Amino acid sequence: MKKVLFFVLALFLTTAVMAQSRVTGKVTSSEDGSPLPFVTVLIQGERGVGTNTDIDGNFVIERCPADAVLVLSYVGYTTMQVPVNGRNVVNITMTPDALALEEVMVVAYGTAKKGTYTGSAAVVRSEAIKDVPTMSFEKALSGKVAGMQITTTSGQAGSAPNVRVRE
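It should be emphasised that the depicted structure is a prediction, and the values quoted were computed from it without experimental measurement.

1. Re the pattern of salt bridges
Link 1 in the chain: For the structure on display, the rule yields one salt bridge.
Link 2 in the chain: A salt bridge links Glu 62 to Arg 22; its shortest N-O distance comes to 3.4 Å. In this pair, Glu 62 sits in strand E4 (residues 58-65) while Arg 22 sits in strand E1 (residues 20-29), placing the two residues 40 residues apart along the sequence.

Here is the structure:
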């Protein structure tokens with residue numbers, strides 16, 4: 001009986017020592033303190049273990065080791081590594097990476113940086129088409145960009161239009 005009791009006690013202590021806890025936190029921007037939604041939060045060294053922040057910048061990771069290191073990444077911000085150090089609440093402030101942001105244009109078969117593109121480019125902002133009284137955004141775009149043709153192949157309601165841009 002003593003051996004069984006000792007075994008159960010040893011098993012309980014081993015489980016308590018190797019316990020993993022629930023880690024919560026909030027990710028904010030260092031510029032204005034606003035929450036950052038959809039930040040990727042991963043546990044370093046654990047393949048595929050992590051989560052994304054919600055719309056308010058909150059995250060929850062279940063079964064996180066006490067000595068884990070959280071790796072946070074977000075477009076336009078520097079990637080951070082934050083040690084948990086046994087804490088249950090880890091609030092993180094991310095700093096923008098201004099050098100990583102560049103204007104990129106989508107061209108016929110790929111992307112190009114704004115400074116290296118030699119063709120003509122056009123921008124249609126939402127303000128230009130938001131008050132146009134049409135049933136679809138394709139018709140609102142018609143005539144806004146030189147060289148763009150929008151046609152419908154069928155007279156059926158809801159059919160997909162063809163959008164062609166002159167090369």
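2. Some points on the packing of aromatic side chains
Link 1 in the chain: Enumeration according to the criterion identifies one aromatic pair in this entry.
Link 2 in the chain: Considering the side-chain rings of Tyr 74 and Tyr 77, the 5.5 Å spacing of their centres and the 50° angle between planes classify their relative orientation as tilted.
Link 3 in the chain: Note on Tyr 77: relative accessible area 16%, which makes it buried.

3. Points about the pairing of strand E2 (residues 40-43)
Link 1 in the chain: Burial of E2 is one-sided: the residues Val 41 and Ile 43 facing one way are buried, the residues Thr 40 and Leu 42 facing the other way are not.
Link 2 in the chain: In the sheet, E2 pairs with strand E3 (residues 50-52) via three bridges, with the strands oriented antiparallel. Paired with Val 41 across the bridge in E3 is Thr 51.
Link 3 in the chain: What sits between E2 and E3 in their antiparallel hairpin is a turn of six residues, with Gly 45 showing a positive phi close to 85°.
Link 4 in the chain: Pairing between E2 and strand E5 (residues 69-73): four bridges, direction antiparallel. In the strand pairing of E5, Val 41 is matched with Leu 72.

The rules we used
Here, residues in each chain are numbered from 1, in the same order as that chain's written sequence. Confidence filtering applies because this is a predicted model: local features only for residues at pLDDT of at least 70, side-chain atom pairs given and counted only at 80 or more, and all residues used for totals across whole chains, interfaces and linings. Working from all heavy atoms in the structure, the side-chain values ignore hydrogens and water. We count a salt bridge whenever a side-chain nitrogen from Lys or Arg sits within 4 Å of a carboxyl oxygen from Asp or Glu. Note on conventions: DSSP H or I runs of at least 4 residues are helices, E runs of at least 2 residues are strands, and numbering of each starts at the N terminus. Paired rings are identified among Phe, Tyr and Trp, the last through its six-membered ring, by centres lying within 6.5 Å, and are further divided according to the angle between planes into stacked (under 30 degrees), edge-to-face (over 60) and tilted (the rest). Three labels apply to residues, based on accessible area from a 1.4 Å probe with only protein chains included: buried if under 20% of the type maximum, exposed if over 50%, partly exposed otherwise in between. At least two bridges found by DSSP between two strands is the condition for calling them paired.

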